[in-house]
Amino acid sequence: MNVIEQIHQHRSIRKYKPDPVSDDIIDKILNAGIRTSSSGNMQTYSIIITRDPDLRKQLLEPHYHQSMVVNAPVLLTFCADFHRMRRWLYISDAPDNFDNYFSFMVGAIDAIMVSQTVALAAESLGLGICFLGSTFANADQIGRILNLPKNVVPVTGFSLGYPAEDPDLRDRLPSSGLIHKEKYQSIKDDGIRKIYQEREKKGWLRYMQSKRLKELAQEHGVENLAQLYTIVKYTKASHQEYSTKILDYLSQQDFMNNTRQ
Ligand SMILES: Cc1cc2nc3c(=O)[nH]c(=O)nc-3n(C[C@H](O)[C@H](O)[C@H](O)COP(=O)(O)O)c2cc1C
């Protein structure tokens, strides 16, 4: 399969065979990831390979008990990492300008880009992955379990292993709603409705298959997919709480010294 055909076959995998992933394969996919472009070629990221079942059990709670964390043989955590770089600056008598939010974002972008390359490399070898948003939502707890020093923050991660399921391809919004020619083209409300038309049907049907989501939707009088997203799934309170928690963690990790001296 060529790269584009492979990309079009991507599905998140949440059920895995118990078969281990060999060191050779891990090396191969991570070394492919390391070829990813990075800001200034500084490579301000780290990748943590967690296979130990006890450690993965500890990670289960901050990952909201998502079964892939323990059922897949490998968990990869991608971190924004200025620790190594800043230490190198220190021992080289070079000024350190990287203790701020901008630097965190530089490291986060590097780490996230690497993660997608590793995901594609893994899929090209018949492995399956499922990204875990809990990695960033609970970066503080995960960082403590993984012994992260200052200047290192987990930003994304995924379970990795041989697929034990063959799910259908998930739909995508029409590309016409996502791509703008030359400059951003503002879209009127009827255009917005059209972009989400199919998603409203498919997404609603999908979520109503979950007993818990269906009950919550009924309890809150939710009538459509948009309401389901923000009244049930991604509430203001939860998003404000996560924002505060992450900003506090960025401070603890020495990434929030943003004021001019
Ligand atoms: C940043 C990010 C975080 C995600 N977090 C989770 C997660 O915590 N649990 C999960 O089951 N899927 C997670 N996913 C997978 C998405 O649900 C999935 O990519 C999306 O539904 C589209 O399905 P597909 O990947 O099979 O095409 C995440 C994906 C991304 C990119």
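Here the residue numbers are simple positions, counted from 1 along each chain's written sequence. For a predicted model such as this one, the threshold for reporting local features is a pLDDT of at least 70, and the threshold for listing and counting side-chain atom pairs is 80 or more; totals across whole chains, interfaces and linings nevertheless cover every residue. As a convention, hydrogens and water are excluded, and side-chain values are obtained from all of the structure's heavy atoms.

> Describe in detail the overall build of the protein, supporting the description with residues and values.
Labels follow the DSSP assignment, with helices taken as runs of H or I lasting at least four residues and strands as runs of E lasting at least two, numbered in each case from the N terminus. Along the protein, the regular secondary structure elements total 12 helices and four strands. Its C-alpha radius of gyration of 20 Å places the protein within 12% of the 18 Å reference for a compact globule of 261 residues. Dimensions of the protein along its principal axes, counting C-alpha atoms only, are 60 × 50 × 40 Å. Buried, partly exposed and exposed residues are distinguished by accessible area as a fraction of the type maximum, computed with a 1.4 Å probe on protein chains only: under 20%, between the cut-offs, and over 50%, respectively. Across the 261 residues that make up the protein, the buried fraction comes to 38%. Looking at the protein as shown, the accessible area adds up to about 16,300 Å², and 53% of this sits on carbon and sulfur atoms. Positive charges come from Lys and Arg alone, negative charges from Asp and Glu alone, with His and the N- and C-terminal ends not counted. Where a charge sits is defined by one atom per residue type, namely NZ (Lys), CZ (Arg), CG (Asp) or CD (Glu). Taken as two groups, the 32 positive and 30 negative side-chain charges of the protein have centres that lie 4 Å from each other. The atom set for the radius of gyration is the C-alpha atoms, and the globule formula is 2.2 Å times the number of residues raised to the power 0.38. Only the protein chains shown count as cover for residues, and all accessible areas are computed by the Shrake-Rupley method using a 1.4 Å probe.

> Would you mind going over helix α5 (residues 83-91) in detail, with residue names and values included?
All buried positions along α5 are accounted for by M85, R86 and L89. With its buried residues spanning 95° around the axis, α5 presents them on a single face. Across from the buried face of α5, at angles greater than 90 degrees, the exposed residues are W88, Y90 and I91. Just beyond α5, the residue with positive phi is D93, at close to 55°. It is the directions from the helix axis to the C-beta atoms that the arc portrays.

> Any chance you could break down the pattern of salt bridges for me, citing the residues and the numbers?
The working definition used for a salt bridge is a side-chain nitrogen of Lys or Arg within 4 Å of a carboxyl oxygen of Asp or Glu. Taken as a whole, this structure holds 11 salt bridges when the rule is applied. With its nearest N and O atoms 3.8 Å apart, the salt bridge here joins D81 to R84. A relative accessible area of 42% means that R84 is categorised as partly exposed. A salt bridge links D254 to R86, with the nearest nitrogen and oxygen atoms 3.1 Å apart.

> I'd like to hear about the site of the ligand, residue by residue, with values.
Every residue close to the ligand is listed here: H10, R11, S12, R14, Q66, M68, C130, F131, L132, G133, R170 and R172. Under this definition, polar contacts are N or O atom pairs within 3.5 Å; protein pairs additionally need one hydrogen-donor-capable and one acceptor-capable atom, and for neighbouring residues in sequence, both atoms have to be side-chain atoms. One of the side-chain nitrogen or oxygen atoms of R172 is found 2.8 Å away from an oxygen atom of the ligand. Burial of the ligand by the protein chains amounts to 64% of its free accessible area of 620 Å². Each residue gets one label: Ala, Val, Leu, Ile, Met, Phe, Trp, Tyr, Cys and Pro are nonpolar, Asp, Glu, Lys and Arg are charged, and the others, such as Gly, are polar. Tallied by class, residues from the shell around the ligand come to four nonpolar, four polar and four charged. For this description, a residue counts as near a given molecule or strand if any of its non-hydrogen atoms is within 4 Å of it.

> So what's going on with the state of the cysteines? Which residues, and what values?
Criterion for a disulfide: a pair of cysteine sulfur atoms within 2.5 Å. Taken as a whole and assessed by the stated rule, the structure comprises zero disulfides. With no disulfide partner, C79 has as its closest neighbouring cysteine sulfur the one in C130, 18 Å distant. Its relative accessible area of 0% is what places C79 among the buried residues. Judged by its relative accessible area of 4%, C130 falls in the buried class.

> Go over helix α9 (residues 189-208) with me, naming the residues and quoting the values.
A residue's bend is the angle separating two fitted axes: one through the seven residues that end there, the other through the seven that start there. Y196 marks the point of greatest bend in α9, at about 45°. Listed in full, the buried residues belonging to α9 are I195, R199, G203, Y207 and M208. In what follows, residue pairs with any heavy atoms lying within 4.5 Å of each other are defined as contacts. Turning to α9, the residues buried within the fold contact α10 (211-219) and α11 (225-233).

> Any details on a nonpolar patch on the surface? Residues and values, ideally.
A grouping of V3, I4 and I7 is seen on the molecular surface, where their side chains present a nonpolar patch of about 290 Å² in accessible area. Turning to its location among the elements, V3 is positioned in helix α1 (residues 3-8). A patch is a set of surface residues, each over 30% in relative accessible area and not in a salt bridge, joined within 9 Å for like charges and within 5 Å for the nonpolar side chains Val, Leu, Ile, Met, Phe, Trp and Tyr.

> So what's going on with the nonpolar core? Which residues, and what values?
Within the largest apolar cluster, 50 residues are counted, with the highest numbers of intra-cluster contacts made by L76, F104, V118, V153, F158 and L160. With nine residues, helix α6 (residues 101-124) is the largest single contributor of residues to this core. Sequence-distant contacts of F158, defined by excluding residues within four places in its chain, comprise V74, L75, L76, F78, S115, V118, A119, I129, C130, F131 and L132. Throughout, nonpolar core names a set of buried Ala, Val, Leu, Ile, Met, Phe, Trp, Tyr and Cys residues whose side chains join them through atoms within 4.5 Å. Formed by nine residues, the second largest nonpolar core is a distinct cluster that contains Y207, M208, L216 and L228.

> Can you tell me about unusual backbone geometry, naming the residues and giving the values?
In this structure, H65 takes a positive phi of about 55° despite not being glycine. Mapped onto the elements, H65 comes out in the loop between α3 (53-60) and α4 (68-71). At D93, a position not held by glycine, the phi torsion is positive, near 55°. With respect to the helices and strands, D93 occurs in the loop between α5 and α6.

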